[in-house]
Amino acid sequence: MKVAYWPGCVSRGFTPELHGSMARVAPLLDIELVQLDRASCCGAGVIAEHNQELADTLNARTFALAQQVEGAELMMNICSTCQGAQGECQERLDANAEYRAHVNSTLADEGLAYEKGLTNKNFLWLLIEEIGLEKLKSMVRRPLRNLKVGPFYGCYIVRPRSRLGIDAEHPRDHYLEQLIEALGGTVIEYAGMRKCCGFPIITMNKDASLKQAGRHLGDALDAEADCLVTPCPLCHLNLDMQQPLAEKVVGRELNMPVLHLPQLVGLALGLEPKELGLSRHVVRPTSVIDWSTSVVGAAA
Amino acid sequence: MAETHKPPERFTLRMRRYDPESGEAPYWDEHTIELEPHRSVLEGILQAKAKFDGSIGIRCSCRAAICGSCGVRINGEPGLACHTHLDHAKASSKDGVIEVEPMGNMPVIKDMIVDMDAVHWKKVQRVTPWLINKQPIPEREYLVDRESMVDVTQSMACIQCGACVSDCLAMEVDPGFIGPAALAKAYRFVGDPRDDEERERLLDLSEDPQGIFDCTHCFKCVDACPKDVNPMGQIMRLRRIAGADQHINDQNNGHRHEETIVTLIKDYGLLHEAEMLPRSYGGNSWFGKFHPAAGKELLSSLPVAIRGVMKRKMSIKIALFGHKIPKQDLSAVKKIYEKVEGKPERYELNLYVSGEDEDAGTLATVGASETAADAPEASA
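Caption draft 1: View of the interface of chain B and chain A. Across the boundary between the two partners, chain B contributes 86 residues, which contact 88 residues of chain A. Taken together, the two surfaces of chain B and chain A that pack against each other cover about 7800 Å², and 59% of this comes from carbon and sulfur. Between the two partners, chain B and chain A, sit seven salt bridges. In this structure, Glu53 of chain A engages Lys343 of chain B in a salt bridge whose closest nitrogen and oxygen atoms are separated by 2.5 Å. In this structure, the connection of chain B to chain A is made through 24 residue pairs in polar contact (both at pLDDT 80 or more). Across the side of chain B that touches chain A, the residue classes tally to 43 nonpolar, 17 polar and 26 charged.

Here's what the structure looks like:
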């Protein structure tokens, strides 16, 4: 399937292994990525905090660019925060024709216009809803046997439920568990799996921010997870890059590897850890994979 | 909607029991009750109390989702016991048994009763929850725009049940955080045109390290609220007014953090992560990194940065120069900034007030868009 692909900023900045692994995984899943190079940052909720109309207009521009990609079935992102921040803007744009026209009048200078009703799905949603768990299972080349994986969603992709379309038919807040199982791994449930990583307040209240990251990592460790997997690069920054500092704040050794979603999928599809950028993490995922034999799982 | 003609069914409630005065540890207590499925979890608890164990502690009064007394956690999620149907609660349970616990972030007095005074009400008192009249006080009533009062009705809808306080993730790690309910209440007065202390209130809430910039933007309170108050949305509005209208440059980096992201996206189209930290601490310009506050923070983050570069997590080029979108797109983005920010007033669409178009639920098909020529003329 062809998708208008929005990689976001951080996946090309401080977590390049996310964008890189997505590019590796896509052809194996028969996803054609048409990258939205011209689009700007979603604003991560902060532009909306500053000026709602500005955030709505910038994201309407991104949506309009996505709608111009010929033959694309939908827009796909690889970031929980993009999903949530863009979804919030889209909710306002779709709800009110007058407001939409108002925003489009700003885009008209560039000859762009957003037409109501874009489908914008995170890679996680696309995996479950467009590709399907059964098909995914049949594609697994290296089942994640013996690998105990803790899901970490990121707030923006699980709340608010109504805006994100989470209901009995679309249990999007349980997709990571379903996916881990489909890839042959074991799901580890722990207290922090749908909580906040703390990243949004890292510059405002560093101690509270790192306490959040440290607690969730510690909870996962206590539940005997080998690693976490997250669809959110901002969570990855606080959980992986800041983990050594989080260890100091919570006063315990954590050493918990955190994988990006496409990395976990890529491993199961048979890609090599190096080409998925697993060596680029601050916490080396030694518990995830034996680097010499490429065998997955701590017990392997 | 629950149907009302269904005959009574059996429901099992698993309640968290705890009496701090007993010296015993908390425990789970199960009772099976019989009621029509549309009846509330509260009615179930009251039946269990009447039939099996009179010592079950639950606080309630109106039983109609108005008084806010019966806030509890049902199957791990905060809500009103009187506002949750038994059949819905059973459907959302893990194993068919409805689990009822006291709310979080507050000490338990007994069973499902928590100490609202010690946490919730103390925090509400903290934000001066009354109107400070604008002077001079008119002889008769104040005259205000209808719209300006509609704007605060959302925060006025709060029934003080504490559901948002219960699940606030910032409060979980920082109990001193003023929190969603009290800050929504603060907006009720900041947004009220009759109040005289908008700036003083915002200064206070911005400078407090556990004020508006301690919120992690996790949406927990948005989902918890049974009255659609959207406390997090009210906190964002407080931040917006504090920064954009009152130009409060708080000691918590809150305003500088916001300005930094807004400016970086204007200048680069994308986030330049390496500039975020120094500018948030030292000031929103390239020179921010030379400010002593930034220097101290940069120094403490140096090991993190070095580790990142060593692991090739970020390239030195990205760390120094960031990444940009193509030139013509960047100029289009800048034009959007100029046009939107150049307006004399911010245009905010509040769906709580405006509602949705009748057909808003219908999803259009995805395809190449032409123009919005068929849409009505824009008006601000």
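There's plenty left to go through after this.
Caption draft 2: Region of interest: the pairing of strand β3 (residues 74–77) of chain A. Residue and element names in this part refer to chain A. Burial of β3 is two-sided: the residues Leu74 and Met76 facing one way and the residues Met75 and Asn77 facing the other way are all buried. By the bridge criterion, four bridges tie strand β1 (residues 2–6) to β3 in an arrangement that is parallel. Counterpart to Val3 in the pairing with β3 is Leu74. As paired elements, β3 and strand β4 (residues 120–122) share three bridges and run parallel to each other. Note that in β4 the partner of Met76 across the bridge is Lys121.

Caption draft 3: Summary view of the nonpolar core. Ranked by internal contacts, the top residues of the largest apolar core, which has 121 residues, are Leu36, Leu228 and Leu239 of chain A together with Leu238 of chain B. Top contributing element to this core by residue count: helix α3 (residues 52–67) of chain A, with eight residues. Core analysis: the second largest hydrophobic core is formed by 49 residues, Tyr5, Phe123, Ile166 and Leu276 of chain A among them.

What counts and how
Residues numbered from 1 in each chain as written. Chains lettered and ligands numbered in written order. Predicted model: local features only at pLDDT ≥ 70, side-chain atom pairs only at ≥ 80, totals over all residues. Heavy atoms only, no water. Contact = heavy atoms within 4.5 Å. Buried area = accessible area lost by both parts, 1.4 Å probe. Salt bridge = Lys/Arg side-chain N within 4 Å of Asp/Glu carboxyl O. Polar contact = N/O pair within 3.5 Å; in protein donor to acceptor, adjacent residues only side chain to side chain. Nonpolar A, V, L, I, M, F, W, Y, C, P; charged D, E, K, R; others polar. Buried < 20%, exposed > 50% of the residue type's maximum accessible area, 1.4 Å probe, protein only. Helix = DSSP H or I, 4+ residues; strand = E, 2+ residues; numbered from the N terminus. Pairing = 2+ DSSP bridges. Core = buried A, V, L, I, M, F, W, Y, C linked by side-chain atoms within 4.5 Å.

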